[in-house]
Amino acid sequence: MQQKGAIQIIEWEDLDKRKFYSLGVFMTLTTRATVYPASLIRTRLQVQKGKALYSGTFDAFCKILRAEGVHGLYRGFMVNTFTLVSGQAYITTYELVRKYVSQYSPSNTVKSVVAGGAASLVAQTITVPIDVVSQHLMMQGQGEHLTRFKAKPKMMLATTKRRLTFGQTREITVQIFAADGFRGFYRGYVASLLTYIPNSALWWPFYHFYAEQLSLLAPSECPHLILQALAGPMAAATASTITNPMDVVRARVQVEGRSSVIETFKQLLAEEGVWGMTKGLSARIISSTPTSVLIVVGYETLKRLSLRAELVESRHW
């Protein structure tokens, strides 16, 4: 095991893999359910033109809740749960690549950058088709005029209100395939890679850096998990701020059906200026903060619980 500063890092070879995977699925599902509303709000903010629909994160939250109810904040969540597969692929790739790179470099920063980028590449290849469908579902309701594909409403007998049924996932999927073929499910793939590979590659080294710095400032008796829980959102805010311009472009490419990342970037600059690149940033940071805390606390706790029995007594947190 490698120790960097005062924070001990549990490496791949230290883990009981059966415990690691069984507990990991539960942790990932809980995290996604908690932060999904913020992800939906971020997507609607990024796709809207200027402030045509919402003036900000809080305004979007209030309007969606008032017009569409709690259900509106979870549009597309069921199909999004399929990203559990990519979540497991992500952490496996991260840990395996980290172990491989350690043969060539002892630097924790180098291992974190390479492993984080590789893990994101694998995960996005699995996630993008799911994201394409779930993002179109996110835009139903108040944002349906901003997307090319719309779920057909079903008229309820007892009321004049229109209500979308659970068949909307199939409807959107069929419409995407009919319009764009299989390639439609990978629309925005390049933009996703340009967003999430740097984001992942930046998050891990910043996370370890902030944890190390906090360990130098904190009292020696302070639990490492608290320091790591603070380092997570700090790293997320840093990485999100740097990569947000590409995240805005990614959302527009996927929802509006654009084919060119560069043209989308140019049009966004021309229409909304540099400030257009910050759209959804507050929602992204708001969603990434609890996500990072949950991921860090969950992931580090998961690794502690999955530590091989013979190593438990030798570790001090």
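Conventions we followed
- Residues numbered from 1 in each chain as written.
- Predicted model: local features only at pLDDT ≥ 70, side-chain atom pairs only at ≥ 80, totals over all residues.
- Heavy atoms only, no water.
- Helix = DSSP H or I, 4+ residues; strand = E, 2+ residues; numbered from the N terminus.
- Rg over C-alpha atoms; globule rule 2.2 N^0.38 Å.
- Buried < 20%, exposed > 50% of the residue type's maximum accessible area, 1.4 Å probe, protein only.
- Areas by Shrake-Rupley, 256 points an atom, 1.4 Å probe, with all protein chains shown as cover.
- Phe/Tyr/Trp six-rings, centres within 6.5 Å; stacked < 30°, edge-to-face > 60°.
- Lys NZ or Arg CZ within 6 Å of the ring centre and 35° of its normal.
- 1 Å grid on protein atoms, 1.4 Å probe; cavity = no way out; pocket = protein on both sides within 12 Å on 5 of 7 lines; lining within 4 Å.
- Points joined across faces, edges and corners; volume = space filled by probe spheres on them.
- Nonpolar A, V, L, I, M, F, W, Y, C, P; charged D, E, K, R; others polar.
- UniProt positions renumbered as here; feature names shortened; annotations may be inferred.
- Core = buried A, V, L, I, M, F, W, Y, C linked by side-chain atoms within 4.5 Å.
- Contact = heavy atoms within 4.5 Å.
- pLDDT = per-residue confidence, 0-100.
- Polar contact = N/O pair within 3.5 Å; in protein donor to acceptor, adjacent residues only side chain to side chain.
- Expected span 1.5 Å × (residues − 1).
- Arc of directions from axis to C-beta.

Undergrad: Can you help me understand the overall build of the protein in this one?
TA: Scanning the protein from N- to C-terminus turns up 10 helices and 4 strands. The order of helices and strands in the protein, counted from the N terminus, is β-β-α-α-α-α-α-β-β-α-α-α-α-α. Its C-alpha radius of gyration of 21 Å places the protein within 12% of the 20 Å reference for a compact globule of 317 residues. Sorting the 317 residues of the protein into buried and exposed places 51% on the buried side. As displayed, the protein has an accessible area near 15200 Å², and 67% of this comes from carbon and sulfur atoms.

Undergrad: Hey, could you run me through the packing of aromatic side chains in this one?
TA: Each aromatic ring pair is summarised here by two numbers: the centre-to-centre distance and the angle between the ring planes. In this structure the tally under the stated criterion is 17 aromatic pairs. Centroid distance Tyr-186 to Tyr-189: 5.4 Å. Interplanar angle 80 degrees. Geometry classified as edge-to-face. Centroid distance Trp-203 to Trp-204: 4.8 Å. Interplanar angle 85 degrees. Geometry classified as edge-to-face. Accessibility expressed as a relative area gives 8% for Trp-204, which makes it buried. Connected via pairs of aromatic rings, a cluster forms that spans Trp-12, Phe-20, Tyr-21, Tyr-94, Trp-203, Trp-204, Tyr-207 and Tyr-299. Over the aromatic face of Trp-12 sits the side chain of Lys-17, whose NZ or CZ is 4.8 Å from the ring centroid.

Undergrad: What should I look at first to understand empty space enclosed by the protein in this one?
TA: Scanning the model with the defined rule gives 3 cavities of 30 Å³ or more in all. As for the largest cavity, its lining consists of 41 residues, of which Arg-32, Tyr-196, Asn-199, Thr-291 and Ile-295 are closest to the centre. Those elements giving two or more residues to the lining of the largest cavity turn out to be helix H1 (17-47), helix H4 (84-101), helix H5 (108-138), helix H7 (189-217), helix H8 (224-256) and helix H10 (281-305). Counting residues per element, the lining of the largest cavity draws most heavily on H1, at 9 residues. Here the lining of the largest cavity is composed, by residue class, of 14 nonpolar, 21 polar and 6 charged.

Undergrad: Looking at this model, I keep getting lost on the UniProt feature "repeat: Solcar" (unreviewed entry) in the protein. Mind explaining?
TA: UniProt feature "repeat: Solcar" (unreviewed entry): in the numbering of this structure it lies at residues 18-100, 107-213 and 223-305. Secondary structure within residues 18-100 divides into 82% helix and 0% strand; the distance between the first and last C-alpha atoms comes to 21 Å.

Undergrad: What am I meant to see in the side chain of Glu-300 here?
TA: Inspection of the secondary structure assignment puts Glu-300 in helix H10. You can call Glu-300 buried: its relative accessible area is 6%.

Undergrad: What is the right way to read the nonpolar core from this model?
TA: General note: in soluble globular proteins, nonpolar side chains tend to be found buried as a group. Counting residues in hydrophobic clusters, the biggest one holds 31 residues, and the most contacted among them are Phe-20, Trp-203, Trp-204, Tyr-207 and Tyr-299. Secondary-structure elements contributing two or more residues to this core are H1, H4, H5, H7, H8 and H10. For this core, the element with the most residues is H7, which contributes 6 residues. Once residues lying within four places of it in the same chain are set aside, the contact partners of Tyr-299 are Phe-20, Met-27, Ile-91, Glu-95, Trp-204 and Leu-294. In terms of nonpolar packing, the next biggest core, distinct from the first, is built from 12 residues, Tyr-36, Leu-40, Phe-77 and Ala-283 among them.

Undergrad: For this particular structure, what's the right way to read the confidence of the model for the protein?
TA: When pLDDT is low, close inspection of the predicted coordinates is not appropriate. In the predicted model, the protein carries a mean pLDDT of 83, and 91% of its residues have values of at least 70. The low-confidence segment residues 1-5 (pLDDT under 50) makes 17 contacts with residues lying over four places distant or belonging to another chain. The low-confidence segment residues 155-165 (pLDDT under 50) makes 15 contacts with residues lying over four places distant or belonging to another chain.

Undergrad: So what exactly am I meant to see when it comes to the environment of Glu-310 here?
TA: Summarising the element assignment, Glu-310 is placed in the segment after H10. For the pair Glu-310 and Asp-14, spaced 296 residues apart in sequence, the C-alpha separation works out to 9.5 Å. A polar contact is formed between the side chain of Glu-310 and the side chain of Arg-308, at a distance of 2.7 Å.

Undergrad: Just checking my understanding: could you explain helix H9 (residues 261-272) for this structure?
TA: An α-helical turn contains 3.6 residues, so a residue and the one three or four places further along point in the same direction. Under the 1.5 Å per step criterion, the end-to-end length of H9 is 16 Å for 12 residues, consistent within 8% with the ideal 16 Å. When we look at burial in H9, the residues that qualify are Val-261, Thr-264 and Leu-268. Projected down its long axis, H9 shows its buried positions confined to an angular sector of 60 degrees, all on one face. The exposed set on the far side of H9, more than 90 degrees from its buried face, consists of Ile-262, Lys-266 and Ala-270. On its buried face, H9 is in contact with H7 and H8. Positive backbone phi, at 70 degrees, marks Gly-273, one or two positions downstream of H9.

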